[in-house]
Every structure is written in C-alpha cells, then in structure tokens.
Amino acid sequence: GGILDEELISVIGFQAVGKSWILLSMLHHAWVNGKKVVLFTREMSPEQMERRIDALHFGLPYQDFKKGRLGQQLEEMYKSKIKDLENMPQFIISADEEEGSGVSAIRAKLEEYQPDIFGVDGAYLLADDRDGKSNWERIMHITQDIKKACRMLQIPGVITSQAGVDSQGKQGVSLTSVAFSKLAFGADSDIVIGIDDLVKEEKWRLKLLKQREGEKFSFLVNKDFKRMQFVQVGSAGLVDAGEEDEMAEHDVIMY
C-alpha cells in the first residue's frame, strides 16, 4: 500500500552502509510523484544533500559529479534540465538549528512548511526536548515525539539511525542491533527497514524488520552509482529463520 499518512518509518544500518541514500531515494520518489518534501539533515550539510538529490534526479554519475568531472555533454544536459525543476513541488532541506535542535523545532517547521512527507537523517543526533537522563531515555523521547508529530500533522515521516557496532556479525543488521535504544525504534516505528551492504555483489539487502500491518520480507537492490539507479533485483522473500542462515553466506560489510 505504499507509505501511509501518520506512519513513522525507521531506516537502520551500520555506519556508512547507505542509510542516507535509501532515505533520499524514498523522498525523491515521493517528490517526483507530486509530493512536497522536507528533509532535516543532522549528519551531512544541506549542500551535500542537494548534490545527492541532483545526482538522483538527473541520473548523474555521483563520483564524477561530486568531483566536477561530468564532461561537457553531461554538464550541458544537467544545466539545461535544471529549469524544469520550477514545475516541481518544493523539496526543502533544512539544517538550521538556531531555533532549537529537538523535535519541537522540527514540528514547528513542519507546521510552517506543511509538507506531504518529511525525513530526518540522523534522528539520534536530535536533542531531547524532555531532557532524558540516559541515552536510551533520550532516544525514546525523540522517537515518541516524532511519531506524535506524524499523528498530529497526519503526514508520514522517514528517519535514519545507526545500528550498534558491538552487534555486528555475519547475519547483518537486526532489530536487536539498533544502537542507543532498540525498544524506542521497535515500539514507535510502524515500519523498520534494515540495510546490509553486500560488498562483493555491489548490492544492498533491505529487510523489513518490523511492519505493523503485513509480513516481514527482504529483497536485494543494485547499487549503481554511475547511473544512479537503485533497482530491486529479483522477487522479495519472507524473512524467516532460514534467511539468517542464508545471510551468513554473504560478505556483509564491516567497520
């Protein structure tokens, strides 16, 4: 049924596996389908996010684009199509923390911008407006308050957070490996998506670790940063005990 109003979707993965790319892909898909998007970035600068969105939207090879090596043909295509963005809905990227760095500040901006969907890259870096005494309590307050914002404003939100380094293993990311507070993300999220980086195969494995309504499943996605196409490979399979054995056979990236 796609992303539904009021849903909170959490994207979980180990450090540098591609959480931000998956988040941007989801928000970009909504944007090109006529939805107004707001993204709050806490891990990267707005300029970095803008560059990634341009690469996704125009199909530019990311590393060449990042280093200014597109070549004349691609650069002319890029410049000629920029004007087409005038007919697109707004895609607002915010890192302004002058008015506060907690969920209350985010909610105020959501009320101001009135988007159809929003994202928070690095939700674990937000401040706790309720001043939790411990790390797990702080994260629990953040996820609770973001979920409340989704319900009150009747829009979906997509957030990213890290899996704990001490939980890395051959089976990849799981709900129990969520850093800071697995209870918070598991309890407050309607959907939790885990990401494993299958290095040798140049693919991601996306796993629905939690889904309130529906079955849990996983599927592979090609990582094509030259054409900026992240396409599902094959059919999705249900997550069961056998899949954990299958995952152990893959070379899951470690840091």
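The sections below set out a description of the structure shown in this document.

Here the focus is the nonpolar core. In terms of nonpolar packing, the biggest core is built from 65 residues, with Leu-39, Phe-91, Phe-118, Val-120, Ile-146, Trp-204 and Leu-206 touching the most fellow members. Considering each element in turn, this core owes the most residues, eight residues, to helix H1 (residues 19-32).

What follows concerns the pairing of strand E7 (residues 203-211). Working note: regular strand, side chains alternate between the two faces of the sheet. Judged by how many residues are buried, E7 sits mostly within the fold: eight of nine residues are covered. Bridge count for strand E6 (residues 191-198) against E7 is eight bridges, and the pairing is antiparallel. Looking across to E7, one finds that Ile-195 is bridged to Leu-206. As judged from the five bridges shared by E7 and strand E8 (residues 217-222), these two strands associate in the antiparallel manner. Bridge assignment links Arg-205 to a residue of E8, and that residue is Leu-220. Connecting E7 to the antiparallel partner E8 that follows it, the hairpin turn spans five residues, and Gly-214 within it adopts a positive phi of roughly 130°.

The nine strands are arranged E3-E2-E4-E5-E1-E6-E7-E8-E9 in an open sheet whose pairing can be described as mixed. Every interior strand has two partners, whereas the edge strands, strand E3 (91-94) and strand E9 (232-238), have only one. On average, each strand axis in the sheet is inclined to that of its neighbour by 20°, with strand direction left out of account. Here strand E2 (residues 37-41) runs beside strand E4 (residues 117-121); their pairing, made up of five bridges, is parallel. By the bridge assignment, Thr-41 is partnered in E4 with Asp-121. Sitting on the sheet, helix H2 (residues 46-58) is in contact with E2, E3 and E4, with an inclination near 150° to E3.

Between H1 and H2, the least distance of the axes is 10 Å, while the angle of their chain directions is 60°. Judged on the interaxial angle alone, H2 and H1 are oblique. You can see that H1 and H2 cross each other, and the crossing is right-handed. Here Ser-20, Trp-21, Leu-24, Ser-25, His-28, Trp-31 and Val-32 of H1 come into contact with H2, specifically with Met-49, Arg-52, Ile-53, Leu-56 and His-57. Split by residue class, the contact of H1 with H2 holds seven nonpolar, four polar and one charged.

What follows covers the pairing of E2. With five of five residues buried, E2 lies mostly within the body of the structure. In E2, alternate side chains face the same way, and those of Val-37, Leu-39 and Thr-41 on one face and Val-38 and Phe-40 on the other are all buried. Two elements, E2 and E3, share four bridges in a ladder whose sense is parallel. Its bridge partner lying in E3, Val-38 is registered against Ile-92.

Parameters and conventions
- Residues numbered from 1 in each chain as written.
- Predicted model: local features only at pLDDT ≥ 70, side-chain atom pairs only at ≥ 80, totals over all residues.
- Heavy atoms only, no water.
- Core = buried A, V, L, I, M, F, W, Y, C linked by side-chain atoms within 4.5 Å.
- Buried < 20%, exposed > 50% of the residue type's maximum accessible area, 1.4 Å probe, protein only.
- Helix = DSSP H or I, 4+ residues; strand = E, 2+ residues; numbered from the N terminus.
- Pairing = 2+ DSSP bridges.
- Axes fitted to C-alpha atoms, helices over the stretch in contact; angles between N-to-C directions.
- Contact = heavy atoms within 4.5 Å.
- Parallel < 35°, antiparallel > 145°, perpendicular 65-115°, else oblique.
- Left-handed = near helix turned anticlockwise from the far one by under 90°.
- Nonpolar A, V, L, I, M, F, W, Y, C, P; charged D, E, K, R; others polar.

In short, geometric facts, not functional conclusions.
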